[in-house]
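# Coordinate inspection notes
In case you want the letters, here they are:
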Amino acid sequence: MTFIKFVLLLLLLSAFRHFASGSIHASNKFNIIFHKTNNEFGPIWVFDVLDGKNYRCLTYEPPGIGSFQTCIKMTNIDRIPYEYAKIMLSPLYMFNATSDIKRILLVGMGGGVLVNAYQKMCPQARFDVIEINPDVVYAAKKYFMLDDSQPNTRIHVVDGYEF
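What you see is a predicted model, and the numbers here were worked out from it, not measured in a lab.

The strand order β1-β2-β3-β4 describes an open sheet built from 4 strands, whose pairing is antiparallel. At either margin of the open sheet sits one strand with a lone partner, and together these are β1 (31–39) and β4 (70–73). Taking each pair of neighbouring strands and ignoring which way they run, the sheet shows an average axis angle of 10°. In this sheet, strand β2 (residues 42–49) lies alongside β1 in antiparallel orientation, the contact comprising 8 bridges. Within β2, the residue paired with N31 across the bridge is V49.

Now the structure itself:
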């Protein structure tokens, strides 16, 4: 599969994100908010869901009100809890393409869950990660164990359109 076909397939699959329901639910009484920031791109909350499932989540809306941007299971950070993220990784399995991938471009980083997954699945690939909001990059590194120390990973804090 060519790189362009792979990218197009990922874009198509990511469109289903809005239709895939997450399995993580939180009400305000079960959340501990430990990071909140607001800049020209809007607010960000990072919090732990204390319902016995040990999730850490990032959201752009007040916790307990809207959907989550990203979550990780603190007892197993390699487990991806959202179906849409699993769907975005599925072409690698479907086409047994992990060793053929040379470059990966991710526009929008969230907590960096997909970055970490792609790094493990395609360690030979070069990663360019685009995120417009520097506070999201900070939160991904500090609270979601984003590994940006890999020499083949570059995080660009820039508008994806301009990149």
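Here we take up the environment of V129. Structurally, the position occupied by V129 is in strand β6 (residues 126–131). The exposure class of V129 is buried, given its relative accessible area of 0%. C-alpha of V129 to C-alpha of V115: the two residues are 14 residues apart in sequence and 7.8 Å apart in space. Once residues lying within four places of it in the same chain are set aside, the contact partners of V129 are L106, M109, V115, R154, I155 and H156.

What follows deals with the environment of S149. Along the chain, S149 turns up in the loop between α4 (134–143) and β7 (153–157). Only 2.6 Å separates the side chain of S149 from the side chain of D147, close enough to count as a polar contact.

Attention now moves to the packing of helix α2 (residues 83–94) against helix α3 (residues 113–121). Contact geometry of α2 with α3 gives a least axis separation of 11 Å together with a crossing angle of 15°. What the angle tells us is that α2 and α3 run roughly parallel. Pair α2 / α3 crosses with right-handed handedness. Here α2 contributes A85, M88, L89, L92 and Y93 to the contact with α3, which in turn contributes L114, A117, Y118 and M121. Classifying every residue of the contact of α2 with α3 gives 9 nonpolar, no polar and no charged.

Of the strand pairs in this sheet, β6 and β7 are connected by 5 bridges, and their pairing is parallel. Counterpart to V129 in the pairing with β7 is I155. Each parallel crossover has a hand, and the one from β6 via α4 to β7 is right-handed.

What follows is about unusual backbone geometry. As a rule of thumb, non-glycine residues mostly have phi less than zero, and peptide bonds are mostly trans rather than cis. Positive phi values are uncommon outside glycine, yet M145 reaches one of about 55°. Within the secondary structure, M145 sits in the loop between α4 and β7.

The rules behind these values
Sequence order as written defines the numbering, with residues in each chain counted from 1. It should be noted that, the model being predicted, local features are given only for residues of pLDDT at least 70 and side-chain atom pairs only at 80 or more, the latter also being counted only at that level, while totals for whole chains, interfaces and linings use all residues. Hydrogen atoms and water are omitted, and side-chain values are computed over all heavy atoms in the structure. Two strands make a pair as long as DSSP finds a minimum of two bridges between them. Working definition: helices are DSSP H or I runs of at least four residues, strands are E runs of at least two. Numbering for both runs from the N terminus. Structural elements are reduced to axes, namely lines fitted to C-alpha atoms, with helices fitted over the stretch in contact, and the angle between N-to-C directions of any two is expressed from 0 to 180 degrees. Type-normalised accessible area, obtained with a 1.4 Å probe on protein chains alone, sets the label of each residue: buried when under 20%, exposed when over 50%, and partly exposed for intermediate values. We call two residues in contact whenever any of their non-hydrogen atoms come within 4.5 Å of each other. We call two N or O atoms a polar contact when they sit within 3.5 Å, provided that within protein one can donate a hydrogen and the other can accept it, with sequence-adjacent residues counted only if both atoms are side-chain atoms. An angle below 35 degrees is read as roughly parallel, one above 145 as roughly antiparallel, one from 65 to 115 as roughly perpendicular, and any other as oblique. Less than a right angle of anticlockwise turn of the near helix away from the far helix marks a crossing as left-handed, whereas a clockwise turn marks it as right-handed. Charged residues are taken to be Asp, Glu, Lys and Arg, nonpolar residues to be Ala, Val, Leu, Ile, Met, Phe, Trp, Tyr, Cys and Pro, and polar residues to be all remaining types, Gly included. Orienting the strands away from the viewer, one traces the path from the first strand over the helix to the second; a clockwise path indicates a right-handed crossover.

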